[in-house]
Amino acid sequence: MATSQPSAPRSRLLCVDIGNTRTVLGLFDGATPVTDWRVATDERRTADEWAALLVSLVGTRGVGGLAVLEGVAIASTVPGVLQEWREMLERHLPDIPHVVVGPGIRTGIPVLVDNPREVGADRIVNALAAATHHAEPGRPVIVVDLGTATTVDVVNDKGQYVGGLIAPGIEVSAEALDRRTAQLRRVELVRPRSVIARNTVEAIQAGLYFGVLAQVEGLVARVAAEIGRTVEETTVVATGYLAPVISAECAGIDRHDPWLTLRGLELVFRRNAG
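Model, not experiment: these values are computed from the prediction. Along each chain, numbering runs from 1 in the same order as the chain's sequence is written. With pLDDT at 70 or above as the cut-off, local features in this predicted model cover only qualifying residues; side-chain atom pairs require 80 or more to be listed or tallied, and sums for whole chains, interfaces and linings still use all residues. Where side-chain values are given, they derive from all heavy atoms of the structure, hydrogens and water being excluded.

1. Regarding the packing of aromatic side chains
Worth spelling out the cut-off: Put simply, two rings from Phe, Tyr or Trp (the six-membered ring, in Trp's case) pair if the centres are within 6.5 Å, and we call them stacked under 30 degrees between planes, edge-to-face over 60, tilted for the rest. Two conditions define a charge sitting above a ring: the NZ of Lys or the CZ of Arg must be within 6 Å of the ring centre, and it must be within 35 degrees of the ring normal.
Counted by the stated rule, this structure contains 3 aromatic pairs. Its end group placed over the ring of W50, R45 keeps NZ or CZ at 4.6 Å from the ring centre.

Encoded structure:
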């Protein structure tokens, strides 16, 4: 009786979004997301430690280890960590093509700002992914990324990135309250029972939660007005690790895409690899 041979593992593209607080890693099979991980962005971690972590993560999902990687695409807002990743790729994955978003990399989206080099790599790939996966004919796309910072970015109805804004994120505000006040402490970032709180913990939660709701709703409305549209005439996409906290209740947000930045990296890799 003939025995079937196990099929060779399929190649995967690894996309890495290195943020100030968290690093998100995602595997793609073609353009299809397969699995993802979120780890702390530790600037003390060396290239060898990143390599060991990568082996442990990829190996635990039974995808054949690092040998299945067809390439690596990276966006980073932390220069020190990016340098360790570059060293790790050169030392441990020298035969695997990699693309790091930055000057000279083709993204496929026009960047119409005063100095395109100043715009964070994550914001550019977010805009690219939103324009590719979420844009509808004649409708601008507004991207709200809720992470360490809250960023709002705009792709006009011609598919061009036209700028945006940056505000402190929810956790930054929570840390500021904890550090700059004597009697207030860190709290869990969840929705409290009501806006009018009856204890100190819920009072802080109400200020953070409903404060960021009002902030995002107000900013989106102002951004839409500045490009001559109402919120209803735009498509608003939320992403970032804090987006699940508020996206369901935030007026104006049409879609939540936790893979948005990684999708943008997948697109950038295809445009530049080889």
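From this point, the discussion proceeds with the structure in view.
2. Focus: the environment of L82
Condition: Strands here are runs of E lasting at least two residues and helices are runs of H or I lasting at least four, both read from the DSSP assignment and numbered beginning at the N terminus. The contact criterion used is simple: two residues touch if any of their non-hydrogen atoms lie within 4.5 Å.
Structurally, L82 is set in helix 2 (residues 79-92). As for L82 and E43, which are separated by 39 residues in sequence, their C-alpha atoms are 9.4 Å apart. Discounting chain neighbours no more than four positions away, the residues touching L82 are I18, I74, S76 and V100.

3. Re helix 3 (residues 121-133)
This is how the line gets drawn: Given the number of residues in a helix, its expected span is that number minus one, multiplied by 1.5 Å. We call a residue buried when its accessible area falls under 20% of the maximum for its residue type, exposed when it is over 50%, and partly exposed in between, using a 1.4 Å probe and counting protein chains only.
For helix 3, spanning 13 residues, the distance from its first C-alpha to its last is 18 Å, which sits close to the expected 18 Å at 1.5 Å a residue. Counting buried positions over the 13 residues of helix 3 gives 10, a clear majority of the element. When helix 3 is considered as a whole, its buried residues turn out to be A121, D122, R123, I124, V125, N126, A127, L128, A129 and A130.

4. Here's the deal with the sheet that holds strand 7 (residues 149-155)
Which entries qualify depends on this criterion: For two strands to be treated as a pair, DSSP must find at least two bridges joining them. Think of each axis as a best-fit line through the C-alpha atoms, taken over the contacting stretch in the case of a helix, with angles from 0 to 180 degrees between the N-to-C directions.
Sheet architecture is open: 5 strands sit in the order 8-7-6-9-10, paired in mixed fashion. Looking at the sheet topology across the chains shown, the edges are occupied by strand 8 (161-168) and strand 10 (255-256). Summarising the sheet, strand 6 (residues 141-146) and strand 7 pair through 6 bridges and their orientation is antiparallel. Considered in strand 7, the bridge of L146 is made with T150. The strands that helix 5 (residues 200-226) touches are strand 6, strand 7, strand 8 and strand 9 (235-239); relative to strand 6, the one it contacts most, it runs at about 155°.

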